[in-house]
Amino acid sequence: MPPSLEPEQLRELQSEIEALLRLLRHPILVEDEVELLDLTSANWRLTIEFGKLMFSAWNSGRSISRRVEEVAYRDRDRFGIFVRKPGGRGTTTLEFRELRASPTVARTASRAGFREQLLLMLQREYRGWKFERVSNRSDREHSFSAWYTRGLARQGRSAWAFLGLREEEGTAATDAALAFGLIWLDWLRGQSDHVAITQLKLFLPPAAISVIAHRAAYLNHRALHVEIFAWRPGQQSPAPIDLKDYGNVETRLAPRRQAELLTEYHQGLLRELLGDLSEDVDIVPDPAGSFLSLRIAGLEVARVEGQLAPRIYFGLEGSLRRLDESLHDEFRDLLLRVRKVRRAGSPDPRHEFYRLQTERWLESLLLEDITRLDPALSPEHVYPQVPAFSGTDRGVIDILTATRPGRLAVVALKVHEEINLPLQGLDYWLRVKWLQDRKQFQEFGYFQGRELSPEAPLLYLVSPAFRFHSTTEKILRYFDRKIEVILVGINDSWRKEIKVLFRHEIPGPVVSYSRNSS
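This text gives an overview of the structure that appears in the document. From a predicted model like this one, the values you see are computed outputs, not experimental measurements. (Residues numbered from 1 in each chain as written. Predicted model: local features only at pLDDT ≥ 70, side-chain atom pairs only at ≥ 80, totals over all residues. Heavy atoms only, no water.)

Turning next to the overall build of the chain. Tallying secondary structure elements over the chain gives 12 helices and 25 strands in all. Against the 2.2 N^0.38 benchmark of 24 Å for 518 residues, the chain shows a C-alpha radius of gyration of 25 Å, consistent with a compact globule. Along the three orthogonal principal directions, the C-alpha set of the chain runs to about 75 × 65 × 40 Å. Burial statistics for the chain: of 518 residues in total, 55% are counted as buried. (Helix = DSSP H or I, 4+ residues; strand = E, 2+ residues; numbered from the N terminus. Rg over C-alpha atoms; globule rule 2.2 N^0.38 Å. Buried < 20%, exposed > 50% of the residue type's maximum accessible area, 1.4 Å probe, protein only.)

Turning to the side chain of H381, a few remarks are in order. Here H381 shows up in the loop between helix 10 (358–368) and strand 20 (383–390). In terms of polar contacts, H381 uses its side chain to reach the side chain of Y383, at 3.4 Å. Apart from residues no more than four positions distant in its own chain, H381 is found in contact with L400, T401, A402, F447, Q448 and R450. (Polar contact = N/O pair within 3.5 Å; in protein donor to acceptor, adjacent residues only side chain to side chain. Contact = heavy atoms within 4.5 Å.)

Turning our attention to the pattern of salt bridges. Inspection of every chain in the model, using the stated rule, returns 32 salt bridges. In this structure, R232 and E167 form a salt bridge, with 3.1 Å as the shortest nitrogen-oxygen distance. Residue R232 is located in the loop between strand 12 (225–230) and strand 13 (239–241), and its partner E167 is located in the loop between strand 10 (158–165) and helix 3 (171–175); the two are separated by 65 residues in the primary sequence. Take R232: its relative accessible area is 35%, and that puts it in the partly exposed class. Judged by relative accessible area, E167 falls into the partly exposed class, the value being 40%. For R372, the salt bridge identified is with E368, shortest N-O distance 3.6 Å. Among the residues examined, R372 registers a relative accessible area of 33% and is labelled partly exposed. Because the salt bridges share partners, they merge into one network encompassing E69, E70, R84 and R140. (Salt bridge = Lys/Arg side-chain N within 4 Å of Asp/Glu carboxyl O.)

A separate point is the sheet that holds strand 6 (residues 78–84). Taken together, seven strands build an open sheet; the order of strands is 2-1-7-6-5-4-3 and the sheet is antiparallel. Edge positions in the sheet fall to strand 2 (34–38) and strand 3 (43–49), since each has one partner strand and no second. In this sheet, adjacent strand axes meet at a mean angle of 35° when their direction is disregarded. Both strand 1 (residues 27–31) and strand 2 contribute to a ladder of four bridges, which runs antiparallel. The partner of I28 across the bridge, within strand 2, is D38. Contacting strand 1, strand 3, strand 4 (52–58), strand 5 (63–74), strand 6 and strand 7 (91–98), helix 1 (residues 7–22) crosses the sheet at an angle of about 90° to strand 5. (Pairing = 2+ DSSP bridges. Axes fitted to C-alpha atoms, helices over the stretch in contact; angles between N-to-C directions.)

Next up on the list: the sheet that holds strand 9 (residues 148–155). Pairing is mixed in the open sheet, where six strands are placed in the order 8-9-10-11-12-13. Both outer strands of the open sheet, strand 8 (130–135) and strand 13, are each paired with one neighbouring strand and no more. Averaged over all neighbouring strand pairs, the angle between strand axes comes to 25°, with direction disregarded. Bridge count between strand 12 and strand 13: three bridges; the pairing is antiparallel.

On inspection of all chains with the given rule, the structure shows 26 aromatic pairs. Centre to centre, the rings of Y354 and W361 are 5.3 Å apart; their planes meet at 85°, and the pair counts as edge-to-face. As far as burial versus exposure is concerned, Y354 and W361 are alike and both buried. The interplanar angle of 90° and the centroid separation of 6.1 Å between the aromatic rings of F441 and F447 together place this pair among those described as edge-to-face. Judged by relative accessible area, F441 falls into the buried class, the value being 2%. Connected via pairs of aromatic rings, a cluster forms that spans Y126, W129, F131, W160 and F162. Across from the ring centre of F82, 4.2 Å away, lies the NZ or CZ of R140, which sits over that ring. Note that R303 overlies the ring of F291, its terminal NZ or CZ placed 3.9 Å from the centroid. (Phe/Tyr/Trp six-rings, centres within 6.5 Å; stacked < 30°, edge-to-face > 60°. Lys NZ or Arg CZ within 6 Å of the ring centre and 35° of its normal.)

With respect to the helices, strands and loops of the structure, R360 is situated in helix 10. Spatially, the C-alpha atom of R360 lies 26 Å from that of I506, the residues being 146 residues apart in sequence. Discounting chain neighbours no more than four positions away, the residues touching R360 are R295, A297, G298 and Q385.

Relative to the helices and strands, V382 is located in the loop between helix 10 and strand 20. For V382, a relative accessible area of 18% corresponds to the buried category. Spatially, the C-alpha atom of V382 lies 42 Å from that of R150, the residues being 232 residues apart in sequence. If near-sequence neighbours (up to four positions away) are discounted, V382 is found in contact with L367, I370, I399, L400 and T401.

The next thing to look at is helix 8 (residues 328–341). In a regular helix each residue adds 1.5 Å, so 14 residues correspond to 20 Å; helix 8 covers 20 Å between its end C-alpha atoms and thus fits that length. Every buried residue belonging to helix 8 is among F331, L334, L335, V338 and V341, and all of these are buried. Angularly, the buried residues of helix 8 cover 140° about the axis, an arc narrow enough to put them on a single face. Residues of helix 8 that are exposed and angled more than 90 degrees away from the buried face: D329 and K340. Looking at the packing, one finds that the buried side of helix 8 touches helix 7 (267–274), strand 16 (291–296), strand 17 (299–305), strand 18 (311–314) and helix 9 (352–355). (Expected span 1.5 Å × (residues − 1). Arc of directions from axis to C-beta.)

Once that is clear, we can look at the environment of L277. As for its placement among the helices and strands, L277 is situated in the loop between helix 7 and strand 15 (282–285). Separated by 23 residues in the primary sequence, L277 and E300 place their C-alpha atoms 15 Å from one another. Among all residues touching L277, those that are not within four sequence positions of it are R332, L335, L336 and R339.

Time to look at unusual backbone geometry. The bulk of non-glycine residues show a negative phi, and the bulk of peptide bonds are trans. Here F50, not a glycine, exhibits a phi torsion of approximately 55°, which is positive. Structurally, the position occupied by F50 is in the loop between strand 3 and strand 4. Take F50: its relative accessible area is 83%, and that puts it in the exposed class. Positive phi outside glycine occurs at Q357, with the angle close to 50°. For Q357, the position within the fold is in the loop between helix 9 and helix 10. Judged by its relative accessible area of 27%, Q357 is partly exposed.

The values are spatial; any link to function lies outside them.
Here's what the structure looks like:
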């Protein structure tokens, strides 16, 4: 059972869920694959009562009440929250889903059908192996997801874990597949004293291969052997993927000088625009040099686009308006209102000015002094939101910096619990390592006048101390030993002042297995 939340944490969770609900045009409520209510025609409320966050919904024929514990997942057209029924000891997942998403019954049948077809394929391809614990049931206690079919193949005292993914499950499921595979493998090893579980086999749709294979190439191959196969139902045999073809994520940088020139060019315009509020507004150039972002505590309130004939837009994302003479008073009023609300000890922490872009808020505080995170980091060269392009994919590194001796450091930030944080951090690390090996940072204007160490980059994973997922360190222990990861747990009241509660490198990898199974 998760620890009790403080009042401020409850309000943040309440606001987060309300914001997620507003993103759904026609939300329906689903629990245990049963559609409960259409929230567009039902009444509902989300309230804090006696130190608990309660969700209630009702119509003329049904009512439910659940105690909310945390957000379980977010996807394009749905999100889930972990809840507890009145008097219940266990937790379930309550899902809020867009009506246009696949119907519940069809999706459940599809998952069952996928499980059956995967099992038939495995029995055909791996004759003589016994398949056990095959399931796609959600199990929050052990962090098992219904997105995947998981199981164990066994032959005598040899065994391997497997996990399969339907391509219809969506981008969040694709992105987290390796994390859930490692969690499943780690749990099986803890349950199997007399069996050597040497491998993890992943059966993935073709679109999922690239991102997962790049990550898998940087796991510790002495701790486990990963095999990836491209497979979808109807395909006779799975196609093996050669991980030797992966791991080098060819990456492009945007020249830093373009962004600096745009900032210099508009200095006069910005002084006139902001006046006495200049000290409260951070000017953050888009790394590609296409616009300037004006932010208060990480929240973008305006942007300046173009150089010779600049265009100024103000407002929050999704409701921007072009600024002209008639709107200057309204623009100034927006800045004053954001400044009043977006601060520690806010008079209205439920306001969207306070809730939105919390990771950018934390980022803005660290940019003021990166040594708050670790005194070993140098404050001289700190770059936020660094774009690193790989093919058509645009990755954005939260913070790129270096230690005082010149070793590159990649910083990944999460304010809310995220099971996939280690693998997302690995994505950033892969891109930085590729650029480092080709000495491209200084070529593109980063770390000017600074000699960089040839050592592999450090990877910092930063989150409020009690918001790291319980599986984070389990996953990290399977990383290649050349990747040095530093977990930094900060205080929940970081908006007031950042305090590091713990900072430690991940211990050595899990025990390795020398036996190989076929």
